[in-house]
Amino acid sequence: MKHKNFVIIAAFFTTVVICFPMHTEAAGKKTSPSPDAKSSADVDASPAAAAASGGKVRATPFKGIIAAVDDKAKTFTIAGKETSHSLKITDKTIITRGGQPATMRDVVSNEEVRGSYYKMPDGSMEAKIVKLGPLTEAEKAEKEARRVKREEKKASISPTASAAPSVSPSI
């Protein structure tokens, strides 16, 4: 009987030891791909094509004031404190002003802008979403709702201190 229990316990631990390296190896594969992994993708490929080929491409948020606009090249520049960023507008770029659809003609200098862009393999930045003008009331309400939800989640995670210390019964 003792020998049988020992064999069962040994088999269990052997299974755990064998499966453990496989589990950590699978978890290690979930990291973001290195820039070298994207080298096989075509430089002119769209972010959607890169994502479909296996590499994950995430849009990066931006906000600022438009410093310059080039209608011929379909680009606009956001001036920063140290550097400026030039973003290209493509046919896939979604442009809005006050929640309504807009066009490249609506992109003008000295205007507030926010949105997201894709960093392309050649180093250029391709705009995904461009929102012109200040935040709309709906966007302000959505932002406030996200803030409240984040605070509620943070409050539910943190332990609450009780006024009375817990006493375990002594027997």
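In the block above lies the structure referred to throughout.
Below is a summary of the structure that appears in this document.

Conventions and cut-offs
The numbers attached to residues start from 1 for each chain and follow its sequence in the written order. Residues qualify for local features only when their pLDDT is at least 70, as the model is predicted, and side-chain atom pairs are given and counted only at 80 or more; totals for whole chains, interfaces and linings, by contrast, use all residues. The side-chain figures draw on all heavy atoms in the structure; neither hydrogens nor water molecules are used. Counting from the N terminus, the helices are DSSP H or I runs at least four residues long and the strands are E runs at least two residues long. Per-residue accessibility, obtained with a 1.4 Å probe over protein chains only, is compared with the maximum for each type, and a residue is labelled buried under 20%, exposed over 50%, and partly exposed between these values. Two residues form a contact once any of their heavy atoms are found within 4.5 Å. At least two DSSP bridges between two strands are needed for those strands to be called paired. Any carboxyl oxygen of Asp or Glu within 4 Å of a side-chain nitrogen of Lys or Arg constitutes a salt bridge here. In plain words, nonpolar cores are sets of buried Ala, Val, Leu, Ile, Met, Phe, Trp, Tyr and Cys residues tied together by side-chain atoms within 4.5 Å. We call Phe, Tyr and Trp rings a pair once their centres come within 6.5 Å, taking the six-membered ring for Trp, and we label the pair stacked below 30 degrees between planes, edge-to-face above 60, and tilted otherwise.

A separate point is the overall build of the protein. If you tally the helices and strands in the protein, you get 3 helices and 7 strands. Shown N-terminal to C-terminal, the secondary structure of the protein runs as helices and strands in the order α-α-β-β-β-β-β-β-β-α. Buried residues in the protein amount to 20% of all 171 residues. Pairs at least 24 residues apart make up 51% of the contacts formed inside the protein by residues separated by at least 6 positions.

As a further point, take the environment of tyrosine 117. Its location among the elements puts tyrosine 117 in strand S6 (residues 112-119). Between the alpha carbons of tyrosine 117 and phenylalanine 62 there is a distance of 7.5 Å; along the sequence they are 55 residues apart. For tyrosine 117, the residues in contact, after removing those within four places along its chain, are Arg58, Ala59, Thr60, Pro61, Phe62, Leu87, Met125, Glu126, Ala127 and Lys128.

Of all 5 residues in strand S2 (residues 75-79), 4 are buried, a share of seventy percent or more. Judged from the 4 bridges that link them, strand S1 (residues 60-70) and S2 form a sheet pairing that is antiparallel. Note that in S2 the partner of alanine 68 across the bridge is threonine 77. Where S2 meets strand S3 (residues 84-88), 5 bridges bridge the pair, whose relative direction is antiparallel. Bridge pairing links isoleucine 78 to histidine 85 in S3. In sequence, S2 turns back onto S3 through a hairpin of 4 residues.

Here we come to the pattern of salt bridges. Once their charged atoms are close, side chains differing in charge can pair, the charge on each being opposite to the other. Tallied over the full model, the rule gives 7 salt bridges. Close ionic contact of lysine 140 with glutamate 137 constitutes a salt bridge, the shortest N to O distance being 3.8 Å. Residue lysine 140 and its partner glutamate 137 are both found in helix H3 (residues 137-157); the two are separated by 3 residues, about one turn of the helix. Lysine 140 sits in the partly exposed class, given a relative accessible area of 42%. Residue glutamate 142 is joined to arginine 146 by a salt bridge in which the shortest nitrogen-to-oxygen separation is 3.0 Å. Remark: arginine 146 and glutamate 142 occur in helix H3; sequence separation between them is 4 residues, near one turn of the helix. Connected via shared salt-bridge partners are Arg114, Lys131 and Glu139.

Formed by 16 residues in total, the largest nonpolar core has its most connected members in Phe62, Phe76, Leu87, Val107, Val113, Val130 and Leu132. Within the residue set of this core, elements represented by two or more residues are S1, S2, S6 and strand S7 (125-132). No other element matches S7, which puts 4 residues into this core.

Counting buried positions over the 8 residues of S6 gives 6, a clear majority of the element. Across 6 bridges, the pairing between S1 and S6 is antiparallel. Directly across from proline 61, in S6, lies its bridge partner serine 116. Sheet topology places S6 next to S7; 7 bridges connect them, and they run antiparallel. Bridged to tyrosine 118 within S7 is glutamate 126. Turn length for the S6-S7 hairpin, with the two strands adjacent in sequence and antiparallel, is 5 residues, and the turn residue glycine 123 shows positive phi of about 100°.

Once that is clear, we can look at the packing of aromatic side chains. Where two aromatic rings form a pair, the distance of their centres and the angle of their planes describe that pair. Within this structure, the stated rule accounts for 2 aromatic pairs. Aromatic side chains phenylalanine 62 and phenylalanine 76 sit 6.3 Å apart centroid to centroid with 50° between the ring planes, which places their arrangement in the tilted category. Residue phenylalanine 62 is located in strand S1, and its partner phenylalanine 76 is located in strand S2; the two are separated by 14 residues in the primary sequence. Between phenylalanine 62 and tyrosine 117, the aromatic rings sit 6.2 Å apart at their centres with planes inclined by 45°, giving tilted as the arrangement. Residue phenylalanine 62 is found in strand S1, and its partner tyrosine 117 is found in strand S6; the two are separated by 55 residues along the sequence. Grouping aromatic residues by their ring pairs yields a cluster made of Phe62, Phe76 and Tyr117.

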